[in-house]
Amino acid sequence: MAGLLQALVAVSQKAAEVARLCRAEEPLFRLLVAEKTGPDRNVRFLQDFKTLADVLIQELIKHDLGTQFPELQGHIHGEESSEFRDAEGGTVTVQVCATPGDTAALLLAVLGPEQTRAAELLAAAVHGEVTLGDMELDGIDPGVSPGDVGIWIDPIDSTNEFIRGREDVAAVDGIAPGGLCSALVLVGAFDRCTGVPVLGVINEPFFQRDPQTHRWQGRYHWGVAHGDTRLCSLSPPTPRPCPRVVLSRAEGPVVRGALGSLGGGPPLLAAGAGYKLLCVALGLADAFVLSQATTFAWDSCAPHAILRALGGGVVALEGALRARREGGSGKPPELLYHRPQPGQEGPERWANRGGLVAFVHPQHLQAVLAAL
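Residues numbered from 1 in each chain as written. Predicted model: local features only at pLDDT ≥ 70, side-chain atom pairs only at ≥ 80, totals over all residues. Heavy atoms only, no water.

A. Quick look at the UniProt feature "binding site: Mg(2+)" (unreviewed entry) in the protein. What UniProt calls "binding site: Mg(2+)" (unreviewed entry) maps, in this numbering, to Glu 79, Asp 154, Ile 156, Asp 157 and Asp 299. For the residues just named, distributed over 221 residues, the greatest C-alpha separation is only 9.8 Å, placing them together at one site. Locating Ile 156 in the fold gives a position in strand S4 (residues 149–157). You can call Ile 156 buried: its relative accessible area is 3%. Ignoring any residue separated from it by four or fewer positions in sequence, one finds Ile 156 in contact with Ala 53, Asp 54, Ile 57, Phe 162, Ala 183 and Leu 184. Counting through the fold element by element, Asp 299 comes out in helix H10 (residues 297–309). Looking at Asp 299, the relative accessible area reads 7%, which means it is buried. Once you skip the residues sitting within four places of it in the chain, Asp 299 turns out to touch Asp 154, Asp 157, Leu 186, Ala 273, Gly 274 and Leu 277. (UniProt positions renumbered as here; feature names shortened; annotations may be inferred. Helix = DSSP H or I, 4+ residues; strand = E, 2+ residues; numbered from the N terminus. Buried < 20%, exposed > 50% of the residue type's maximum accessible area, 1.4 Å probe, protein only. Contact = heavy atoms within 4.5 Å.)

B. Seen up close, the nonpolar core. Core analysis: the largest hydrophobic core is formed by 65 residues, its most contacted members being Phe 49, Ile 61, Leu 65, Ile 151, Phe 162 and Trp 222. The greatest single-element share of this core, amounting to 11 residues, is contributed by helix H1 (residues 4–24). Discounting residues that sit within four places of it in the chain, Ile 61 has contacts with Val 11, Ala 15, Ile 153, Val 185 and Val 187. With 40 residues, the next largest nonpolar core counts Ile 202, Phe 288, Tyr 337 and Val 360 among its residues. (Core = buried A, V, L, I, M, F, W, Y, C linked by side-chain atoms within 4.5 Å.)

C. Structural detail: the sheet that holds strand S5 (residues 184–191). Reading across the sheet, the 6 strands line up as S1-S4-S5-S6-S7-S8 and stay open at both edges, with mixed pairing between neighbours. Here the strands that pair on one side only, and so sit at the sheet edges, are strand S1 (76–78) and strand S8 (229–232). Averaged over neighbouring strand pairs, the angle between their axes works out to 15° when direction is ignored. Across 3 bridges, the pairing between S1 and S4 is parallel. When the sheet's bridge partners are listed, His 77 is paired in S4 with Trp 152. Together, S4, S5, strand S6 (197–209) and strand S7 (216–226) form the strand contacts of H1, whose direction differs from that of S6 by roughly 30°. (Pairing = 2+ DSSP bridges. Axes fitted to C-alpha atoms, helices over the stretch in contact; angles between N-to-C directions.)

D. The arrangement of the side chain of Asn 352 in detail. Topologically, Asn 352 is positioned in the loop between helix H11 (317–325) and strand S13 (356–359). For Asn 352, a relative accessible area of 5% gives the class buried. Separated by 3.3 Å, the side chain of Asn 352 and the backbone oxygen of Phe 296 make a polar contact. Discounting residues that sit within four places of it in the chain, Asn 352 has contacts with Ala 293, Thr 295, Phe 296, Ala 297, Ser 300 and Leu 335. (Polar contact = N/O pair within 3.5 Å; in protein donor to acceptor, adjacent residues only side chain to side chain.)

E. How the structure looks around the sheet that holds strand S12 (residues 313–315). Sheet architecture is open: 5 strands sit in the order S10-S9-S11-S13-S12, paired in mixed fashion. Each edge of the open sheet carries a strand with a single partner, namely strand S10 (268–270) and S12. Recorded for the sheet is a direction-independent mean angle of 25° between the axes of neighbouring strands. Judged from the 3 bridges that link them, strand S9 (residues 245–248) and S10 form a sheet pairing that is parallel.

F. Quick peek at the pairing of S5. The buried fraction of S5 amounts to 8 of the 8 residues, a majority that puts the element mostly inside the structure. In the sheet, S4 pairs with S5 via 7 bridges, with the strands oriented antiparallel. Looking at the pairing, Asp 154 lines up with Leu 186 of S5. Pairing of S5 with S6, which is carried by 6 bridges, proceeds in the antiparallel orientation. Looking at S6, one finds that Leu 186 is bridged to Ile 202.

Okay, here's the thing in structure tokens:
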């Protein structure tokens, strides 16, 4: 159905604006950076504004997509719980209400009566309209029916970098080891029957500052990988003879050492799963390797769809290595997004078990697997 991809881009743009607002407006910025511990902690609720920013973005995406496409209601999933629990066991459920005033009143129940200005700013942004003006998007119909897909949302990937807000982190070979630029909004769609990611949007709210106004400007990237259709706002990067790999800063020395033998230089380190996946899509790295189950469906669904649109994908590292040892031929199976992990509870139900390898060019995947 025409309009679904445009809707994913539009909600990512609204989400990015809310993220920027939280850092640009003084009442919201004070809440964001405050260390809420000891006597200054909000004792009414077990979470604070840092969590609320994530939850509110997630809920506005659910609201806008569910309103535009009722078939999606009940099939839009995110990282965050929408309930704020107080110490006495009561709850406030964050949601987008019928009017900005109603939404502001609900937010005041979480923020406290002294935060009227902050609540009003957030409510106005949540109820605002987004005009894309992207002529390229207007002509695209990916052939995906909203009734056939589910949605995974990561409202602010790399939340810690978003909170710290560092702007002075120097890039190494084009990849930032950390900083505000790695805080992304991720919205991906997967086929409900097969679990294959089919649409993805990555939004960079903090891509660069406007040289005149000094306000943050963002950018977004999208991909379609449905049936035989492969469309993307990016072009496939030119493959390097020897793959350059990006890793988590927590990756162990054994993996670092093995991948350092590939010839593409020492592995580069970065924060945020979404950002590292984006680095592969942009061609800043040729592969992202993660040896542990520390990413989740909401981290990888949107970037995975974009990588598929570029001719690559994301495979489970453990399964790919097992298939290689057993002499299996063909492409290793990719991550799927429609079924929870059996025997797991909470967020672990949606963990990407066995690590992952993200790539654009299959020869780089094979080189990584051979090195490991």
